[in-house]
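Letter by letter, the chains look like this.
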Amino acid sequence: MKAVIFDMDGVIINSEPLHHKVEREIVEELGGKLSDEEVASFVGTTDYNMWSKIKKKFNLELSVEELIEMKKERFMKEIDEIQLVPNFIDFMLSLYKKGYLMAIASSNNRKIVDTIVNKFQLYKYMKFIISGEEVKRSKPDPEIFLTAAKKMNVTPSDCIVIEDATNGVKAAKAAGMKCIGLKNTDTGKQDLSEADLIIENFNELSLDTLKNL
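Attention here is on the structure that accompanies the text. The model shown is predicted, which means the values in this text are computed figures rather than measured ones. (Residues numbered from 1 in each chain as written. Predicted model: local features only at pLDDT ≥ 70, side-chain atom pairs only at ≥ 80, totals over all residues. Heavy atoms only, no water.)

Section: helix 5 (residues 88–97)
1) Next: Regarding helix 5, the residues found buried are Phe88, Phe91, Met92 and Leu95. Buried positions in helix 5, seen along its axis, are confined to an arc of 100 degrees and lie on one side of it. Seen from the buried face of helix 5, the exposed residues on the opposite side, beyond 90 degrees, are Asp90 and Lys97.
2) Next: Where helix 5 is buried, its residues touch strand 1 (3–6), strand 2 (101–105), strand 4 (159–163) and helix 9 (207–212).
3) Next: Following helix 5 by one or two positions, glycine 99 adopts a phi angle in the positive range, close to 85 degrees. (Buried < 20%, exposed > 50% of the residue type's maximum accessible area, 1.4 Å probe, protein only. Helix = DSSP H or I, 4+ residues; strand = E, 2+ residues; numbered from the N terminus. Arc of directions from axis to C-beta. Contact = heavy atoms within 4.5 Å.)

As structure tokens, then:
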């Protein structure tokens, strides 16, 4: 193992409840209604991918770009409420002290990713930070993870991805990387069965655990 790649929403920060709240509100205001299954299916995908599907299903007049901006503005207004996932910082610092490369590969947009990174000063530790706006294909396509590996100059097989969503786990495995699935009750029903290891809290992880994967 040479590098660890973190998803952001649901892995680094407890942001999924806010995402779901804002998405449901917007869709309902425009005359639609999202089921729990639909909301869960969008976890880990890019804004463009999600709103394209929502626009098509409910035949919305607003453009995908307008929907994305609406979501972004409302999310940013409440972003101060978001907190870090328990024990993430301790785990991240243990990796940093041992000299492992780390990156964030988030499907979220660049503005929100940068806001979170700055809020919690993660730029001190993360070698590269990639948002969903820097890739053409959304998870479960492996593009975002392969991009992270390329930027860190490591082979995919030397990377471990930590994800909380079905789409993210599938993307990591498609990239040829080991994957740890973090159970997060806020992300809805997520199938993490393809992950090499499933945990419920970062305090279950040690450097030896990662090396043994």
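There's plenty left to go through after this.
Notes on the packing of helix 1 (residues 16–29) against helix 4 (residues 64–77)
1) Next: Between helix 1 and helix 4, the least distance of the axes is 10 Å, while the angle of their chain directions is 130 degrees. One element, helix 1, and the other, helix 4, form an angle in the oblique class. Remark: the crossing between helix 1 and helix 4 carries right-handed chirality. For the pair formed by helix 1 and helix 4, the contact residues are Leu18, His19, Val22, Glu23, Glu25, Ile26 and Glu29 on the first element and Leu67, Met70, Lys71, Arg74 and Phe75 on the second. (Axes fitted to C-alpha atoms, helices over the stretch in contact; angles between N-to-C directions. Parallel < 35°, antiparallel > 145°, perpendicular 65-115°, else oblique. Left-handed = near helix turned anticlockwise from the far one by under 90°.)

What to know about unusual backbone geometry
1) Next: Between lysine 139 and the following residue, proline 140, the backbone shows a cis peptide bond with an omega angle of 20 degrees.
2) Next: Look at asparagine 59: it is not a glycine, yet its phi comes out positive at around 50 degrees.
3) Next: Looking at the secondary structure, you find asparagine 59 in the loop between helix 3 (47–58) and helix 4.
4) Next: Although it is not a glycine, asparagine 153 adopts a positive phi angle of roughly 60 degrees.
5) Next: Residue placement: asparagine 153 occurs in the loop between helix 7 (143–152) and strand 4.
6) Next: Among the residues examined, asparagine 153 registers a relative accessible area of 71% and is labelled exposed.

Purely spatial values, then, with no claim about function.
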